[in-house]
Amino acid sequence: MKLVYVYADNESEWNCSEWRCAIPARAINRTARHYAKLLSIDDFRLNTALARETCQDADLIIVQRNLYELVLSSMQHWKARDKAIVVDFDDAYQLLPANHPNYAFWNQGIIKLPDLPMQKLEPPPLTQFKWGLRLAHAATVPSKRLADDWQSYTEIHYLPNYIDLKLYENAAHEKHTGVVIGWGGSISHLQSFADSGVLAALKKVCNARPHVSVMICGNDRRVYDLLQIPARQKIFQPWVKYQDWPGILAKFDIGLAPLFGDYDERRSWIKVLEYMVMKVPWVASEGSAYQELNRFGWLVKNNPEAWERILIDMVDHIADYKKEAAGEAYLFGISQNIDENVNRVISIYEKIYRKALGKTQSNYL
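Sequence order sets the numbering: in each chain, residues are counted from 1 along the sequence as written. Whole-chain, interface and lining totals are the exception, using all residues; otherwise, since this is a predicted model, local features are given only for residues with pLDDT of at least 70 and side-chain atom pairs are given and counted only at 80 or more. Neither water nor hydrogens contribute to the side-chain values; these are computed over all heavy atoms in the structure.

Structural notes on the overall build of the chain
Item 1. Starting at the N terminus, helices and strands are each numbered in turn, a helix being any DSSP run of H or I of at least four residues and a strand any DSSP run of E of at least two. Regarding its fold elements, the chain presents 16 helices and 14 strands.
Item 2. The globule rule used here is 2.2 Å times the number of residues to the 0.38 power, and the radius of gyration it is set against is calculated over C-alpha atoms. Computed over C-alpha atoms, the radius of gyration of the chain comes to 21 Å, within 12% of the 21 Å expected from 2.2 N^0.38 for 365 residues, which places it in the range of a compact globule.
Item 3. Across its three principal axes, the chain shows a C-alpha extent of roughly 65 × 50 × 35 Å.
Item 4. Relative to its full complement of 365 residues, the chain shows a buried share of 54%. Any residue under 20% of the maximum accessible area for its type is buried, any over 50% is exposed, and the rest in between are partly exposed; the area is computed with a 1.4 Å probe on protein chains only.

So, unusual backbone geometry
Item 1. The step from E122 to P123 runs through a cis peptide bond, and the omega angle for that step is -10 degrees.
Item 2. Summarising the element assignment, P123 is placed in the loop between β6 (119–120) and α6 (125–135).
Item 3. The phi torsion at A32 lies on the positive side, around 60 degrees, for a residue other than glycine.
Item 4. We note that D82 has phi near 65 degrees; this positive angle belongs to a residue other than glycine.
Item 5. Examined against the element boundaries, D82 turns out to sit in the loop between α4 (70–79) and β4 (84–88).
Item 6. Given a relative accessible area of 56%, D82 falls into the exposed group.

A look at the sheet that holds strand β1 (residues 2–7)
Item 1. Two strands qualify as a pair provided that DSSP identifies no fewer than 2 bridges between them. Sheet architecture is open: six strands sit in the order β2-β1-β3-β4-β7-β8, paired in parallel fashion. Two strands lie at the open edges of the sheet, namely β2 (35–40) and β8 (155–158), each paired on one side alone. Averaged over all neighbouring strand pairs, the angle between strand axes comes to 25 degrees, with direction disregarded.
Item 2. The sheet contact formed by β4 and strand β7 (residues 138–141) spans three bridges and is parallel. Bridged to V87 within β7 is A139. Helix axes are fitted only over the stretch in contact, all axes being lines through C-alpha atoms; the angle between N-to-C directions runs from 0 to 180 degrees.

Quick look at the state of the cysteines
Item 1. By disulfide we mean two sulfur atoms from cysteines, separated by a distance within 2.5 Å. Taken as a whole and assessed by the stated rule, the structure comprises zero disulfides.
Item 2. C16 provides the cysteine sulfur closest to C21, a residue in no disulfide bond, and the two sulfurs are 7.1 Å apart.
Item 3. For the unlinked cysteine C217, the closest cysteine sulfur is that of C206, found at 15 Å.

Some details on the pattern of salt bridges
Item 1. The term salt bridge refers to a pairing of a side-chain nitrogen on Lys or Arg with a carboxyl oxygen on Asp or Glu at a separation within 4 Å. Tallying each qualifying case throughout the model produces 20 salt bridges.
Item 2. A salt bridge links E328 to R295; the shortest N-O distance between them is 4.0 Å. One end of the pair, E328, is in helix α15 (residues 318–335); the other, R295, is in the loop between β13 (282–285) and β14 (298–300), and 33 residues separate them in sequence. Like R295, E328 is exposed.
Item 3. If you follow the salt bridges from partner to partner, you end up with D9, E13 and R65 in one network.

Remarks on the packing of aromatic side chains
Item 1. Classification of ring pairs uses Phe, Tyr and Trp, with its six-membered ring standing for Trp, and accepts pairs whose centres are within 6.5 Å; under 30 degrees between planes counts as stacked, over 60 as edge-to-face, and the remaining range as tilted. Per the counting criterion, the structure on display carries 21 aromatic pairs.
Item 2. Geometrically, the ring pair formed by W106 and F129 is edge-to-face, given 5.9 Å between the ring centres and 90 degrees between the ring planes. Here W106 is found in helix α5 (residues 103–108), whereas its partner F129 is found in helix α6, with 23 residues between them in sequence.
Item 3. Judged by relative accessible area, which is 0%, F129 ranks as buried.
Item 4. Seen in terms of ring centroids, W245 and F252 are 6.2 Å apart; in terms of plane orientation they differ by 85 degrees. Their pairing is edge-to-face.
Item 5. Feature note: the residues Y68, F89, Y93, F105, W106, F129, W150 and Y153 constitute an aromatic cluster, connected by ring pairs.
Item 6. The ring centre of F236 lies 4.6 Å from the NZ or CZ of R221, which sits over that ring.
Item 7. The ring of Y330 carries K279 above its face, with NZ or CZ at 4.6 Å from the centroid. Placement of a charge over a ring requires the Lys NZ or Arg CZ to be within 6 Å of the ring centre, with the centre-to-atom vector within 35 degrees of the ring normal.

Describing α15
Item 1. The end-to-end C-alpha distance of α15, which contains 18 residues, comes to 25 Å, matching closely the 26 Å that a straight helix rising 1.5 Å per residue would cover.
Item 2. Note that bend, as reported per residue, equals the angle between axes fitted to the 7 residues terminating at that residue and the 7 residues originating from it. If you look at α15, its biggest bend is around 45 degrees, right at A329.
Item 3. Taken residue by residue, α15 has I318, Y321, A325, A329, F332 and G333 as its buried positions.
Item 4. The criterion used for residue contact is that any of the two residues' heavy atoms lie within 4.5 Å. For α15, the elements touching its buried residues are β9 (179–185), β12 (254–257), α13 (270–277), β14 and α14 (304–316). A helix is expected to reach a length of 1.5 Å times the quantity of its residues less one.

Quick word on the environment of F236
Item 1. Topologically, F236 is positioned in strand β11 (residues 234–238).
Item 2. With 16 residues separating them along the chain, F236 and D220 place their C-alpha atoms 9.7 Å apart.
Item 3. For F236, the contacting residues outside a window of four places in its chain are I216, G218, D220, R221 and Y224.

Regarding the pairing of β7
Item 1. Across the two faces of β7 the burial is the same, with A138 and T140 and A139 and V141 all buried.
Item 2. As paired elements, β7 and β8 share four bridges and run parallel to each other. Within β8, the position partnered with T140 by the bridge is H157.
Item 3. The handedness of the β7 to β8 crossover, carried by helix α7 (residues 144–149), is right-handed. Crossovers are marked right-handed if the path from the first strand over the helix to the second runs clockwise, as seen with the strands pointing away from the viewer.

Listed below in structure tokens is the structure:
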């Protein structure tokens with residue numbers, strides 16, 4: 001099978017496209033039986049010479065998230081040429097809270113760029129996104145709740161984020177005094193911290209245990225600024241390239257994964273899965289996002305007392321928690337290596353391809 005992944009991230013935000021496009025593409029190519037290429041969404045929407053050359057030979061084209069304007073035209077163009085079209089997305093755009101940085105774009109079509117007048121897309125991208133789902137033969141998502149949300153628009157397949165272990169294998173844990181409680185994420189997680197109760201808990205934990213520090217990683221300092229703890233116990237780590245991220249994770253003694261609200265309930269398991277392959281004990285908010293991993297870590301109710309209770313226990317018995325994290329949790333984490341699961345990825349695409357083009361038997365598996 002010949003596949004094309006149309007990725008949406010640019011270089012400065014590269015992360016989602018790594019997980020949903022680049023990681024599976026590399027694994028598919030390692031099979032030497034199937035082949036995958038990467039194509040930018042700008043090339044795809046403009047139907048450049050590179051896009052025409054890349055897509056012409058494909059059996060199936062996977063388009064990542066940005067289903068609006070010329071992207072829809074290109075999807076229709078290649079669908080009319082007997083290409084199976086799949087949409088891949090990993091966020092609940094229909095549930096974005098009004099204070100989310102991407103709410104105005106998806107729900108109102110407002111585009112604000114530095115030093116440029118405000119632009120507005122009509123109809124809003126969320127409306128066009130729904131058109132795109134109906135246009136596609138199927139979609140893939142890394143959340144079961146997200147799959148349930150959109151089944152009425154197209155055939156949705158649950159396809160988890162599988163991990164590329166090679167990136168994490170050489171990231172040695174740093175030896176340091178004290179205990180580092182860590183978290184990394186994007187600008188979309190402010191409400192996860194503000195409303196989950198974890199901020200108040202971290203304040204109490206750091207006051208009670210002066211050898212504890214909190215490391216906040218990413219491109220948004222707002223979470224760091226909300227932490228009301230002594231400056232000597234706060235660490236801000238700016239955004240790093242994807243390949244450098246495991247080295248930062250290696251500094252964590254305890255990993256956090258707070259969530260809040262319906263939007264967060266549709267998150268994938270990436271954050272916790274990374275902790276597991278790095279043998280980092282973790283604590284997360286209760287809910288559907290991490291429920292299937294609950295036996296490998298600690299899920300808490302979203303109130304300060306619950307967060308504080310488990311974090312204090314983890315800090316005070318960190319050696320025991322690390323030993324536990326290096327056992328069954330680690331083994332499950334490495335079992336989610338993309339190379340061990342690439343046949344499942346291919347089988348989903350094969351099923352979509354056969355149904356889209358009315359084929360009755362597999363030519364590939």
